[in-house]
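# Examination of the molecular architecture
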Amino acid sequence: MASIVLRDVVKEYGDGFLAVKGVSLDIKDGEFVILVGPSGCGKSTILRMIVGLEDISDGDLEIDGARVNDRAPRDRNLAMVFQNYALYPHLTVFENIAFPMRLAKGRFSEEEVRERVTRAAETLELSEHLERKPANLSGGQRQRVAMGRAIVRDADAFLFDEPLSNLDAKLRGQMRTEIARIQRRLGTTTVYVTHDQTEAMTLGDRVAVLRKGELQQVASPRGLYEQPVNLFVAGFIGSPPMNFLPGRVDGDTLHLPLADVPLDERLRAAVGDRSLVIVGLRPEHVSDAELLEDDKAATGVTFETDVDVTEWLGAELYAYIPFETEPAVAAKLEELDRDLDGEGMRSQAVVALDAESRVREGDRA
Ligand code: ATP
């Protein structure tokens, strides 16, 4: 197992394009770290630099305290699991898993190969399929074979590049749980690239959020959710996403499109001396007042609104609420919105209500 440290790592591609702009990240021995961000943010490039498939333009990469910028990929002892698994179609599951050991000619006796493959197959619940060819396996089983290969090598770390993106939703869910279980059992340092925030939130000890080659925040999933450092992270993490409401401060009142909110001590501290703010409202922090006990309703801010569209998902009901922003406020808020490339200020909010709610499309609720 190994620690992996990036210090001000830069990747410049040919024409001066900076795909990674000085990223520093300290991955501890045994830790499971997720790199997440929108397409093109540089996450795969970072992974490829760690494994040695891509040169590092500037900065340092350390594995277990040693600088490895110039070390060949095969000497880094890291195992990469790709999106397409890269299995050999003509080899059985057994031989696919054994492949890295066969490559290290003479290092492993036949007995050792057999023992390691058998053990990995047990861990991965593949024992019954060892004689099959990849074409006769399900997507999830192929994924496990690819992991088996990483396991038998005794690699110091596993690197995953969007390993589940080819699978259907159900299998993706199963494999996600399985990867988490196997990583916990083996305790191997793992770096995992995804653009899927559910994977990011459920798999990682810590999540690194990237945008346009820059690291935005590194924190536990809960830390990201509860204390995002900027609008980008706030909007990226969470599904449905956080609503951004334009707020105008007037004395002791915060005017929001949906309601006027009295500024208590906590809000006052957050607002400071600003006159315009963007208020982040998580969909689940709104309830259908009709379903609330009186004492609960009394502690919140109650508002009445039109409902555009509703979506019933079994456990919850999403209601879309249109709102308008005063033009003068909207213009000034654009400046605050630059973190989101202008995509942040929407003209509707989504709230996640209890599934029992009777709110319907076209209602005034
Ligand atoms: P995705 O989720 O779409 O795979 P990503 O975050 O993994 O995206 P990267 O593959 O790391 O993104 O690419 C980061 C940026 O670098 C992108 O703008 C991409 O177009 C660019 N890029 C990647 N490889 C090269 C290359 N060989 N030459 C030039 N530019 C490249």
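Residues numbered from 1 in each chain as written. Predicted model: local features only at pLDDT ≥ 70, side-chain atom pairs only at ≥ 80, totals over all residues.

Okay, the site of the ligand next. The immediate surroundings of the ligand are formed by 13 residues, with Y13, A19, S39, S44 and T45 found nearest. When residues of the shell around the ligand are traced back to their parent elements, those giving at least two are β2 (17-27) and α1 (43-51). Here the residues of the shell around the ligand sort into 4 nonpolar, 8 polar and 1 charged. (Near = placed C-beta within 6 Å. Helix = DSSP H or I, 4+ residues; strand = E, 2+ residues; numbered from the N terminus. Nonpolar A, V, L, I, M, F, W, Y, C, P; charged D, E, K, R; others polar.)

In this section: the domain arrangement of the chain. Domain assignment breaks the chain into domain 1 (4-234) and domain 2 (240-354). Distance between the C-alpha centres of domain 1 and domain 2: 38 Å. (Domains from an automatic or database assignment.)

Time to look at the environment of K21. Here K21 is to be found in strand β2. On the neighbour-count criterion, K21 (17 C-beta atoms within 10 Å) is partly exposed. For the pair K21 and A269, spaced 248 residues apart in sequence, the C-alpha separation works out to 34 Å. Those residues in contact with K21 that lie beyond four places of it in its chain are V10, G213 and E214. (Buried ≥ 20, exposed ≤ 12 C-beta atoms within 10 Å, placed from the backbone. Contact = placed C-beta atoms within 7 Å.)

I34, L35, I50, I97, L159, V191 and A208 are the most contacted members of the largest nonpolar core, which totals 82 residues. For this core, the element with the highest residue contribution is helix α4 (residues 139-152), accounting for 6 residues. Mapped onto the domain boundaries, this core takes at least three residues apiece from domain 1 (4-234) and domain 2 (240-354). Ignoring sequence-local partners within four residues, the contact set of I97 consists of V117, A120, A121, V145, G148, R149 and V152. (Core = buried A, V, L, I, M, F, W, Y, C linked by C-beta atoms within 7 Å.)

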